[in-house]
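Commentary on secondary and tertiary structure
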Amino acid sequence: MFVYGMVGLENMAFLSMAVSLVTYFYGYMNFSLTKSATTLTNFMGTAFLGSLFGGFISDTYLSRFKTCILFASFEVVGYALLAVQAHFQQLRPIPCNPSLVNQCQSAESGQEAILFTGLYLVAFGTSGVKAALPSLGADQFDERDPKEAESLASFFNWYLFSVTIGAIFGVTFVVWISSNLGWAWGFSVCSISVLVAALFLLMGKSMYRNYVPEGSPILRILQVFVVAIRNRNIPIPEMSEELHELHDKEAGVTTDILLRTNQFRCLDRAAIISTALDLTDLRPSGSWKLCTVTQVEETKILIRMLPIILSTVFMNTCLAQLQTFTIQQSTTMDRNLLGFQVPGPSIPVIPLVFMFLLIPVYDRILVPLMRRFTGIPTGIRHLQRIGVGLVLSAISMAVAGVVETHRKSVAIDNNMVDSPGPLPFTVFWLGFHYAIFGVADMFTLVGLLEFFYEESSSGMKSLGTAISWCSLAFGYYLSSIVVEVVNKVSGGWLASNNLNRDKLNYFYWLLAGLSMVNLGVYLKCASWYKYKKVGMKQIDAGSNDDGTSEGKIQISNE
């Protein structure tokens, strides 16, 4: 519950900024429409890519709990700095005159420096929380216990449910504050929210199962490559017993070992025992002369994961486009709801509400139903769940193109192509493709988190979770590149500051077609992937007559 509380409060702040910062950049920092979108996508990309560093720190030096608290502190300071800039006019450029849009005063270098310092403190802080917090929550469940394995499967669903609740409050309550009371208030609420989130996590400090860092997973992976290259001329043994693995442990210790797989057999050379080795090279953490089979398999897992993560990047490129262009579309449409003017950045509440309603149904009804047929704790395999999300994302982009075509036809029919006023076209038309994409995100995001957590070895769980976030990071970075390339190749589909004259509908259909191509690539990668094989090694407290411990190995395929 402490983990759910922190992720809800932290995401209330982060996601409210994710959907509304384009408006702040464009309206308050005098950035162009394109620069506003690019700045947001670069900020979001950095926030997710930085989770690699947070995962490395968590697995190597700090516990996951300490990582969450430390990085949340950076996030609090970042929001506070943005609040100070938003409060003092001299720290921002002079507001534009609506009738002289092309003569806006650009932000000075010092003003941009304050903005980017605050932004990237937030990005750095949230990256560490995103890497360590899901792993901290998942660590509270024992994967070897069948009942707890089912609870672990539910954990990730309810983790996303908490993210969704926080996001709903963020894109409504916090966005309303920013739009009506001022951005200084909005950023202040975000800073306080993250501070309260960290304090909430601190309250449960004495209750957590804490993972103790066992050294750098990156170092262990580098050791495998170095030793395998050094032994490149040695024949690869056919029998697994001829490779180095640890068997002598202290009595009463339970540990996981990874069983040898047939993919990337060249790396098995890192575990070949040579007569030139001495006893100091047979240590558990591996060395630069000899690695364990488990260490080799850790490396193989990471290599097998790379095609999966790369084939999900394009879906998040589509998400980035929705988060930027859909908000801009909403500013041209009728946002009236029963006399209440809905802020444009609050439009993402539509998919969030769908997720809020569907996640409990999925976890409590669909998963148990599928579990009866498949015998899998999660109902379906993680890679199957991700595939469903990719299909839905392609459909969402196609629907987005249809809606944008209709929106432009309304502008033309009413002679409002160059009018700044709202079109007689309700903003809730955007809810169709946004809702479909929300369901796609429910399948894909949780599928990725589960997949990378459960497939990673115990020594790199945080890093594995961080890798899953990299799909979002690369998606946001690729988004900026895609917009630039499409503009150049198409002759300016998205070059104007007037969406009524742009060809955004063509752009959405292009994304739909590329999403189908990406789906084909993903299916190929998923069919090639082999789930890891785990041997749970239980060393009994009893001893044999020769003074050695008697070990039992139980094998399970995951």
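Above: the structure in question.
About the thresholds
- Residues numbered from 1 in each chain as written.
- Predicted model: local features only at pLDDT ≥ 70, side-chain atom pairs only at ≥ 80, totals over all residues.
- Heavy atoms only, no water.
- Helix = DSSP H or I, 4+ residues; strand = E, 2+ residues; numbered from the N terminus.
- Buried < 20%, exposed > 50% of the residue type's maximum accessible area, 1.4 Å probe, protein only.
- Contact = heavy atoms within 4.5 Å.
- Areas by Shrake-Rupley, 256 points an atom, 1.4 Å probe, with all protein chains shown as cover.
- Polar contact = N/O pair within 3.5 Å; in protein donor to acceptor, adjacent residues only side chain to side chain.
- Axes fitted to C-alpha atoms, helices over the stretch in contact; angles between N-to-C directions.
- Parallel < 35°, antiparallel > 145°, perpendicular 65-115°, else oblique.
- Left-handed = near helix turned anticlockwise from the far one by under 90°.
- Nonpolar A, V, L, I, M, F, W, Y, C, P; charged D, E, K, R; others polar.
- Core = buried A, V, L, I, M, F, W, Y, C linked by side-chain atoms within 4.5 Å.
- Phe/Tyr/Trp six-rings, centres within 6.5 Å; stacked < 30°, edge-to-face > 60°.
- Lys NZ or Arg CZ within 6 Å of the ring centre and 35° of its normal.

**Structural notes on the overall build of the protein chain**
- Tallying secondary structure elements over the protein chain gives 15 helices and 5 strands in all.
- Burial statistics for the protein chain: of 558 residues in total, 55% are counted as buried.
- Across the protein chain, every contact between residues at least 6 apart in sequence was considered, and the portion connecting residues at least 24 apart equals 81%.
- In the structure as shown, the protein chain presents an accessible area of about 23,700 Å², 65% of it carried by carbon and sulfur atoms.

**Some points on the side chain of Gln85**
- Of note, Gln85 is situated in helix H4 (residues 64-87).
- Note on Gln85: relative accessible area 0%, which makes it buried.
- Of the polar contacts made by the side chain of Gln85, one reaches the backbone oxygen of Leu91; its length is 3.1 Å.
- Once residues within four sequence positions are removed from consideration, Gln85 is found in contact with Tyr24, Met29, Leu91, Arg92, Gln111, Ile114 and Leu115.

**Describing the packing of helix H6 (residues 146-180) against helix H11 (residues 349-374)**
- Packing of H6 against H11 leaves a shortest axis separation of 8 Å and a crossing angle of 165°. Between H6 and H11, the crossing angle belongs to the class labelled roughly antiparallel. When you trace H6 past H11, the crossing you get is left-handed. Between H6 and H11, the contacting residues are Glu150, Ser154, Asn157, Trp158, Leu160, Phe161, Thr164, Ile165, Ala167, Ile168, Val171 and Thr172 on the first element and Val349, Leu352, Val353, Met355, Phe356, Ile359, Pro360, Tyr362, Asp363, Arg364, Val367 and Arg371 on the second.
- Residues of the contact of H6 with H11, tallied by class, amount to 16 nonpolar, 4 polar and 4 charged.

**As for the nonpolar core**
- Within the largest apolar cluster, 141 residues are counted, with the highest numbers of intra-cluster contacts made by Leu133, Phe187 and Leu201.
- The biggest single contributor to this core is helix H1 (residues 2-27), with 15 residues.
- The contact partners of Leu201, leaving out residues within four places of it in the chain, are Phe2, Val3, Met6, Phe65, Cys68, Ile69, Leu133, Leu136 and Tyr208.
- Counting residues in hydrophobic clusters, the runner-up holds 11 residues, among them Val224, Ala270, Ile272 and Cys291.

**Regarding the packing of aromatic side chains**
- Under the counting rule described, the total for this entry stands at 34 aromatic pairs.
- With a centroid separation of 4.9 Å and an interplanar angle of 55°, the aromatic rings of Tyr24 and Trp183 are classed as tilted. With Tyr24 in helix H1 and Trp183 in helix H7 (residues 183-203), this pair connects stretches of sequence that are 159 residues apart.
- You can call Trp183 buried: its relative accessible area is 7%.
- Summarising the aromatic geometry, the rings of Phe71 and Phe124 are spaced 4.9 Å apart at their centres and angled 40° between planes, so their arrangement reads as tilted. With Phe71 in helix H4 and Phe124 in helix H5 (residues 109-138), the pair connects residues that are 53 residues apart, well separated along the chain.
- Looking at Phe71, the relative accessible area reads 2%, which means it is buried.
- Judged by its relative accessible area of 30%, Phe124 is partly exposed.
- An aromatic cluster is defined as three or more aromatic residues linked by ring pairs; in this entry it consists of Tyr4, Phe141, Phe155, Phe156, Tyr159 and Tyr453.
- Stacked on the ring of Tyr453, the Lys or Arg Lys461 has its end atom at 4.4 Å from the ring centre.

Just distances and angles here, no functional claims.
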